[in-house]
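Understanding the architecture of this molecule
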Amino acid sequence: MNTSALIALVPYMILAFGSVLVMLVIPFYRCHRLTVILSLSVLFAAFLSLFLVTGYLPQQATELIRVDGFAFYFMGLILAATASVCLLTYNYMDGRDVKYPEELYLLMLLASLGSSVLAASSHFASLLLGLEILTISLYGLISYLRKEIRCLEAGIKYLILASVSSAFFLFGMALIYADLGTMNLGEITTILNGGKTEASVILLTGLAMMLVGVGFKLALVPFHLWTPDVYQGAAAPITAFIATVSKGGMFAVVLRYFRPADVPNAPILYFSLALIAIVSMLAGNWLALMQNNVKRILAFSSIAHLGYLLVTIIAVNSIAASAGIFYITAYMITTLIAFGIISILSTKETEAEELDDYLGLYWRRPWIAGIFTFALLSLAGIPLTGGFIGKFYIVAAGVRSAEWLIVLVLALSSSIGLFYYLRIIVTMFSNAENTRPAIQANIPLPWASCFALALLTLLLLWMGTVPARLIEWIYSLV
Amino acid sequence: MILLFLILILLLSGLLSAVVSRWNAQNARWTALSALVIDLLLAISICGRTWIDPATENNSWIAVWKTPWIPQLGIEFHLGIDGLSLTMVILTLFLGILAVLVSWKEITERIGFFHLNLLWVLAGIVGVFLALDLFLFYFFWELMLVPMYFLIGVWGHENRIYAAYKFFIFTQVSGLLMLLGILGVYFIHGQTTGDYTFNYNDLIHTDMDSWTAWWLMWGFVLAFAVKLPAVPIHTWLPDAHTEAPTAGSVILAGLLLKTGAYGLLRFVLPIFPNAAEALAPYAMTLGAIGILYGAKLAFAQTDFKRLVAYTSVSHMGFVLLGIFAMNEWAYQGTVMQMIAHGLSTSALFIMAGILHERTHTRDLDRMGGLWSAAPRMGGVTMVFVMASLGLPGLANFVAEFLILIGVYQVSMVLAGLSVIGLVFATVYSLRLMQKVFLGPNTENWRIDDLCMREWIIVGALILFLIVLGLYPQPVLDTVQPTIDRLLLLPNEVEHYSYLPPQPLSSDIGGGIR
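Residues numbered from 1 in each chain as written. Chains lettered and ligands numbered in written order. Predicted model: local features only at pLDDT ≥ 70, side-chain atom pairs only at ≥ 80, totals over all residues.

Moving on, we come to the overall build of chain B. Assigned secondary structure in chain B consists of 20 helices and 2 strands. For 513 residues, the compact-globule estimate of 2.2 N^0.38 gives 24 Å, and chain B sits close to it at 22 Å. Overall size of chain B, expressed as C-alpha extent along the three principal axes, is 75 × 55 × 50 Å. Taken over 513 residues, chain B has a buried fraction of 59%. At a minimum sequence separation of 6, the contacts of chain B that also span at least 24 residues come to 80%. (Helix = DSSP H or I, 4+ residues; strand = E, 2+ residues; numbered from the N terminus. Rg over C-alpha atoms; globule rule 2.2 N^0.38 Å. Buried ≥ 20, exposed ≤ 12 C-beta atoms within 10 Å, placed from the backbone. Contact = placed C-beta atoms within 7 Å.)

The next thing to look at is the interface of chain A and chain B. If you look at the interface, chain A gives 28 residues, while chain B gives 29 residues. Broken down by secondary-structure element, the contributors of at least two residues to the side of chain A that touches chain B are α17 (386–400), α18 (404–429) and α21 (468–477) of chain A. Classifying every residue of the side of chain A that touches chain B by side-chain character gives 22 nonpolar, 4 polar and 2 charged. (Nonpolar A, V, L, I, M, F, W, Y, C, P; charged D, E, K, R; others polar.)

Moving on to helix α18 (residues 412–437) of chain B. All names here are of chain B. Compared with an ideal rise of 1.5 Å per residue, which puts 26 residues at 38 Å, α18 spans 38 Å between its outermost C-alpha atoms and is within 8% of the ideal. Those residues of α18 that sit buried are L414, A415, S418, G421, F424, A425, Y428, S429, L432, V436 and F437. Taken from the residues just after α18, G439 is the one with a positive phi, measuring 75°. (Expected span 1.5 Å × (residues − 1).)

In terms of nonpolar packing, the biggest core is built from 395 residues, with A:V311, B:V268 and B:A395 touching the most fellow members. Discounting chain neighbours no more than four positions away, the residues touching B:A395 are B:M336, B:I339, B:A340, B:L343, B:A387, B:L465, B:L468 and B:G469. (Core = buried A, V, L, I, M, F, W, Y, C linked by C-beta atoms within 7 Å.)

As a further point, take the confidence of the model for chain B. Residue and element names in this part refer to chain B. Averaged over all residues, the pLDDT of chain B equals 85, while 93% of them reach at least 70. Considering only residues more than four positions removed or in separate chains, one finds that residues 502–513, a stretch of pLDDT under 50, has 18 contacts. Two summary scores accompany this predicted model of the complex, namely pTM at 0.90 and ipTM at 0.88. (pLDDT = per-residue confidence, 0-100.)

Take unusual backbone geometry next. Residue A:P58 is reached from A:L57 by a cis peptide bond, and omega for that bond is -10°. Along the polypeptide, A:P58 turns up in the loop between α3 (32–52) and β1 (59–61). Following A:V221, the chain continues to A:P222 via a peptide bond in cis, the omega torsion being 5°. The topology assignment puts A:P222 in the loop between α9 (201–218) and α10 (226–233). A positive phi angle, close to 55°, is found at A:A402, a residue other than glycine. When you line up the elements, A:A402 lands in the loop between α17 and α18. Of note, B:M326 is a non-glycine position whose phi angle comes to about 55°, a positive value.

Residues and elements named next belong to chain B. Here strand β1 (residues 63–70) pairs with strand β2 (residues 75–81) via 7 bridges, running antiparallel. Residue pairing for β2: A63 is matched across the bridge by I81. Here β1 hands over to β2 after 4 residues, with G74 in that stretch at a positive phi of 75°. (Pairing = 2+ DSSP bridges.)

Quick look at the structure:
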């Protein structure tokens, strides 16, 4: 490994050493605010370094990690999302009797490191490493409020299911290695691409098992069962973290390496992925209709959105990858806003997760309700929001490869989706009086979270109105 | 630039009225009103340009404005105005002013937010009429939905939530199908010419085999037919029109329905000339069915607004008939019908609103004998009802007459059926008049007659209905260049086939897979 490769790794090192630093500071001086500031500065430094070292890209830093614009873009997303979650968590934990909230930020830094490694991995080893750093940190994060039974329940559920899926993932890797004799993702793709013969059963089994692991992490049907429970059980800012950071890293790998078009001799892979996409869109949107809990609605809607994103993996053409990157960006921003609103409105006694908590919110807190409406409209794909351009982009990618069936399902299922987004919006604009006193109390809004939300909303508006610069940038990555 | 201002003024003044309403709710109304008046004057100033400068006659766009928006995908912010869009924009802004005026007393809650939505839906509609980039068109098409949804859902009548949902889902599903159609045309054009663009002027020259064109056209046709509405997919309309507040009904009936007709004229006919020709017999049949079916149901209603809503279905049947008759008379009649229906139906909805304000009911069975209580109101309503049933001398007569002449040359049967529709129109219109203003005043209504503000509203409407009924030539002259262009479209329907070409080439993406 030469010097430039080392320099290209600087953002990862900052994040890794920063985590250690935070870990060391906590036992010496336990102070919530200090930990948050320290974590934010680590994230900010790592984010800044992304721009400083771009001149050295792309680099293959050891066989494990490929550092290029693509990986850095996702790392930037992950870092920014983590920073937003830190701000939200600070206010959220501040309002509760949590004795030691400091380690939360340590876990978040580690998880974002894992996710960033995932986005840059080019080898089975780094893939698994990144995945495990991410997942194990998430166990701690989900059940951090250990006095609350729902957090513990969610944590156990996630622990069991995630370890099973990791096992599948690992077994799949072993099978693929047994068949192809390499663990380098780039080489595997090349071999599969140029393969003249039929794909062997061992290889197909391996790919299918890895698909299980991927499907679990991205919460795609039929590996989605954990999603609603974990989303509901975890504290609102942590849910935002699971929905964005953990999915973002995994999606980056999938977008880069796991494309069925790379395996021309195994059409079954294409069909199963298409089936998963279709079922995810339909089931996610359909099940969300049945919910009365905003967190669960968003959980099912995220299943549907990942289904939309799969279209960009199935359809292979000049715009599919950029469509995927654009959409996941919009999706992450929107999800952060939505869960940010929930965590702002949550009080010590109760999470603002029932639909009734939002009754007439607009007339009491026009700004909060306005931002939430904007985020929901973005999820629904209405103009002026990033979600609109993103959905258009995905549909364009699908039509480009003439995936008519999938695109039709996307159009119809997202119309089902409108129902529940509109349901939340209608609730916020309704005239009825709120019956849940806890939420009614006019607590002052926490400035840190509001700052994060305002910034995210502006970003989403920017993506929805003048996206040319961003799209140009994304084009340069793929 | 003036075209951009037309939209920007509406968007910004919408935000402004939401802000100023914090101090005084009345401010929001004045902001909205003055913005709309300024916008209308701007639009009329464009009007002046056409008549002064005959050179623009050759070039059918009176004014164009464009700037790159998302160049990577060939998307431009491209606005253009021709005779058709100009008349539609003026109609939009005129009815927009009326919508603000009718809400003056009716809307008492959340006034700032109301005017924000009102102005934004108008901005979306103006955008739809001006957009010359298909992506931009879709953008505005979707943009007008949300504010309209709020107008129905927040300020509507009893059953508003249901109506708002229904409206939104119908339009959204059909809009997404249109998006698929747009993208299909975009990629085919890009594939054949190497130029990936959403520019309208380029896309109308897209070469497609007839099978592809047939299916892509359906995406567009469904979206426009839902808005129009054409008969089997009209069911959202009675609910939305009935439950919306008066201003919402005015915008829905007067303007949103017109975007469907406009879309058919602007996009479906030029982009898919042959497929549209092949569709024409079916579309015209549906139009005729709509005329009769709408009239029949209008006759059966006991709710004032619901009755007027069904007359919309009937009147817009004429529009569908006229568009697909595809000759000069029919086109002229269609444009006239769009304007006349916009004025007369809005007028009836406004009367329904005025009556509802005073009687708090829309039930025809409870009304009756109001003429003696409010004779001026009765007289005014009489004019509107006469316009709606197509009395000579009023705008609707000109429109329906022209359409019937055009349709007669294509199909005598359909023309005959449509004339029966006119008889039905007389029946339901007179029944409306009879139920509300004549007969015994069983509930002993004592209501105030029209006030000054209401006189301004109805006065303007009556004036335009009469002027356009007696002298429609200025409108016809304005839209003539657009109609000429429609008449030049190639029609090769003899060789049309709905069957897929051999070999089957549905894979327009070139099959990278």
